[in-house]
Amino acid sequence: AQSVTQPDIHITVSEGASLELRCNYSYGATPYLFWYVQSPGQGLQLLLKYFSGDTLVQGIKGFEAEFKRSQSSFNLRKPSVHWSDAAEYFCAVGADTGRRALTFGSGTRLQVQP
Amino acid sequence: DTGVSQDPRHKITKRGQNVTFRCDPISEHNRLYWYRQTLGQGPEFLTYFQNEAQLEKSRLLSDRFSAERPKGSFSTLEIQRTEQGDSAMYLCASSPTPGQGGYEQFFGPGTRLTVL
């Protein structure tokens, strides 16, 4: 069974500081990996995805993530955080066959201090 | 850009009542998923459709829950005899056919259900 762990429930960073959100996954084959962002009371917006190829993927809003197979990780990074980045971030893993439903982590809530 | 839409956005009901939610996917997407998200958690898979066929249901989906997707277009999720434990955000997502540009899922804004 596939699973996702986001070890940090809550992170606070200062505006302009760099950010790294951790994600570890468990999946028997090559995973499809995603990062989504959710603002309060809203649905999920896709930030970036990894299917194959280059292990460093670029996403929207200046985010990037690096797939490290040896560490079963897919950490999200941003060099300089903006106040508007405050939200909940979810890492998800999906299979490359079958129903392809996503398994999500429990999320990391990001607060940005001025 | 017509993304995934859900209706209603909020629903407050009394325990024991039936509720129905609607999801309109992106028109060319033939896969449609329902997820449930409780406070402080990530979304959890409930069920999915390939066109009009419901192909899988999670064990989370008790027999009080039923979903349909007539004609492979919009979908409805009905909860009968609601319980307080059903209070959650119900999210719908759609995706294109797997293999045609990947299968990223596009989510709607969700329906927040509160059962009193």
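Residues numbered from 1 in each chain as written. Chains lettered and ligands numbered in written order. Predicted model: local features only at pLDDT ≥ 70, side-chain atom pairs only at ≥ 80, totals over all residues. Heavy atoms only, no water.

Caption draft 1: Representation of the overall build of chain B. Counting its secondary structure elements, chain B contains zero helices and 11 strands. Secondary structure of chain B in N-to-C order comes out as β-β-β-β-β-β-β-β-β-β-β. In terms of C-alpha radius of gyration, chain B reaches 14 Å, essentially the compact-globule figure of 13 Å for 116 residues. Dimensions of chain B, computed from C-alpha atoms along their principal axes, come out at roughly 45 × 25 × 25 Å. Taking all 116 residues of chain B together, 51% fall into the buried category. (Helix = DSSP H or I, 4+ residues; strand = E, 2+ residues; numbered from the N terminus. Rg over C-alpha atoms; globule rule 2.2 N^0.38 Å. Buried < 20%, exposed > 50% of the residue type's maximum accessible area, 1.4 Å probe, protein only.)

Caption draft 2: Spatial organisation of the interface of chain A and chain B. If you look at the interface, chain A gives 22 residues, while chain B gives 22 residues. Both sides together, the interface formed by chain A and chain B hides about 1800 Å², and carbon and sulfur atoms give 55% of it. Seen at the junction of chain A and chain B, the total is one salt bridge. Glu104(B) is the salt-bridge partner of Lys49(A), the closest N and O atoms lying 2.1 Å from each other. Across the chain A-chain B interface, the total number found is five residue pairs in polar contact (both at pLDDT 80 or more). Those elements that place two or more of their residues in the side of chain A that touches chain B are strand S5 (32-38), strand S6 (44-50) and strand S10 (87-94) of chain A. At four residues, S5(A) tops the list of elements feeding residues into the side of chain A that touches chain B. By residue class, the composition of the side of chain A that touches chain B is 11 nonpolar, eight polar and three charged. (Contact = heavy atoms within 4.5 Å. Buried area = accessible area lost by both parts, 1.4 Å probe. Salt bridge = Lys/Arg side-chain N within 4 Å of Asp/Glu carboxyl O. Polar contact = N/O pair within 3.5 Å; in protein donor to acceptor, adjacent residues only side chain to side chain. Nonpolar A, V, L, I, M, F, W, Y, C, P; charged D, E, K, R; others polar.)

Caption draft 3: Just the state of the cysteines, in detail. Within this structure, the stated rule accounts for two disulfides over all chains. Covalent S-S linkage joins Cys23(A) and Cys91(A), the inter-sulfur distance amounting to 2.0 Å. The chirality of the disulfide connecting Cys23(A) with Cys91(A) is left-handed, given an S-S dihedral of about -65°. Linking Cys23(A) in the loop between strand S3 (19-21) and strand S4 (24-26) with Cys91(A) in strand S10, this pair joins segments that are 68 residues apart in sequence. In this pair, the class of Cys23(A) matches that of Cys91(A), namely buried. One disulfide in the model links Cys23(B) with Cys92(B); its S-S distance is 1.8 Å. Here the disulfide of Cys23(B) and Cys92(B) is left-handed, its torsion about the S-S bond being about -65°. Here Cys23(B), found in strand S3 (residues 19-24), pairs with Cys92(B), found in strand S9 (residues 88-95); they are 69 residues apart in sequence, far enough to count as distant. Residue classification places Cys23(B) among the buried residues on the basis of a relative accessible area of 0%. (Disulfide = S-S within 2.5 Å.)

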